[in-house]
Amino acid sequence: MNDRNELTALIKLLDDPDYHVHDRVVNRLIELGDPAIEALEKQWEWSVIENQQEKIEKVISQIHLSKIKKEVVNWKLTGGEDLLYGAFLTARIQYPELQYDAMNLVVDKIQREIWLELNDDLTALEKIKVINYFIYTVHEFEISTKKSITTQQFLINHCLDTHRGSAILIGLIYVEIAHRLGLPVYGVNLPGSMILCYYDEDFKEDPNSVLFYINPSDNGSVLGHDELKFFLTSVNIEPDPFYFSPCSNMHIIERLAVNLRFAYEAVKQYEKVDQLNEILMDLKSL
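Definitions and cut-offs
Residue numbers restart at each chain and count upward from 1, following the sequence in its written direction. Totals for whole chains, interfaces and linings use every residue, but because this is a predicted model, local features are given only for residues with pLDDT of at least 70 and side-chain atom pairs only at 80 or more, for both listing and counting. Based on all heavy atoms of the structure, the side-chain values leave hydrogens and waters out of the count. Helical segments are the DSSP runs of H or I of at least four residues, strand segments are the runs of E of at least two, and each set is numbered from the N terminus. Throughout, exposure labels follow a simple rule: accessible area from a 1.4 Å probe, protein chains only, divided by the maximum for the residue type, with under 20% read as buried, over 50% as exposed, and the rest as partly exposed. Only heavy atoms enter the contact rule, under which two residues are in contact if any of them lie within 4.5 Å. All accessible areas in this document rest on Shrake-Rupley with a 1.4 Å probe, and a residue is counted as covered only by the protein chains that are shown. Only four residue types enter the tally: Lys and Arg on the positive side, Asp and Glu on the negative side, with His and both chain ends excluded. The location of each charge is read from NZ of Lys, CZ of Arg, CG of Asp or CD of Glu. Only Phe, Tyr and Trp rings take part, Trp by its six-membered ring, and two of them pair if their centres are within 6.5 Å. Stacked means planes under 30 degrees apart, edge-to-face means over 60, and tilted covers everything else. To count as a disulfide, a pair of cysteine sulfur atoms needs to be within 2.5 Å.

What follows is about the overall build of the chain. The number of helices and strands found in the chain is 12 helices and six strands. Counting only C-alpha atoms, the chain reaches 65 × 45 × 40 Å along its principal axes. Out of the 286 residues in the chain, the part that is buried amounts to 47%. In the chain, 57% of the contacts between residues at least 6 apart in sequence involve partners at least 24 apart. Of the accessible surface of the chain, which amounts to about 15600 Å², a share of 52% is contributed by carbon and sulfur atoms. Positive and negative side-chain charges in the chain, numbering 27 and 45 respectively, have mean positions lying 5 Å apart.

Written as structure tokens, this is what we have:
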């Protein structure tokens, strides 16, 4: 049986009342991937059978989720070095057809603008001031001021299009640009806030060797260790050493996915909540 005939037969079997048959059909369609999506979309357009369109939409969603989960696993297994790509995969929960290249070009353009203004004679603080100027003054990135939580606040494509987004997205873009510039800027596992840190490059062997902290929610303002400790105390958080240390890209994407899941819960899009739960399981299980 050729692929086209197989797809035609499988789609007809979606209406089979035997749930065992239905499950096998869905699993096979998931295995076939993109060709199955194309065939299902054509069937959706011509469908006259009651409830068939809804069934088709559900299968297409399952195929998209399967593809995203595989890419998430591959991203993490290869070290999760491209933070932007991790955010892109998270956004594909909402926009399965989203393309990475367009977003990458936006970030690459900002990185190249900053690179032209940097040189080896600048101190770490001076380099951060240059980054801050381009991110917050030239490109006017800022934290979304919407009172209600929206999913758009946690979708990287919206943030790059509008230059508005949640603190975690602005911080994520900041870290990605810094890494592309070869600067040792990382996220910090601070509960409830997105703070970044700048490593002392002369003491990379010491994981706690942080020169200073950066607040992406306040135009990249710089904080010292004592200032960060005071902030934690003021919000009744025990200043555990864990909260002062850099975190991995995986941790940042996990936090982004958790925030996006919360936003979907707020608008009662429970199918998206379930999908993000599966993504989070993949991120945490490897």
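Anyway, onward from the coordinates.
Overall, the coordinates contain eight aromatic pairs when judged by the stated rule. Ring geometry for Y136 and Y174: centres 6.5 Å apart, planes at 40°, overall tilted. Of this pair, Y136 sits in helix α7 (residues 124-138) while Y174 sits in helix α9 (residues 167-180), placing them 38 residues apart in sequence. Relative accessible area serves as the criterion here: at 10%, Y136 is assigned to the buried category. Given a relative accessible area of 0%, Y174 falls into the buried group. Relative to F212, the ring of Y198 has its centre 5.1 Å away and its plane inclined at 25°; by these criteria the two rings are stacked. With Y198 in strand β4 (residues 195-199) and F212 in strand β5 (residues 210-215), this pair connects stretches of sequence that are 14 residues apart. An identical accessibility class is assigned to Y198 and F212; each is buried. Members of the aromatic cluster, each reached through a chain of ring pairs, are Y85, F88 and Y100.

Under the counting rule described, the total for this entry stands at zero disulfides. No disulfide involves C159; its nearest neighbouring cysteine sulfur is the one of C247, lying 18 Å away. With no disulfide of its own, C197 lies closest to C247 among cysteine sulfurs, the gap being 7.9 Å. In this structure C197 comes out as buried when scored by relative accessible area, which is 0%.

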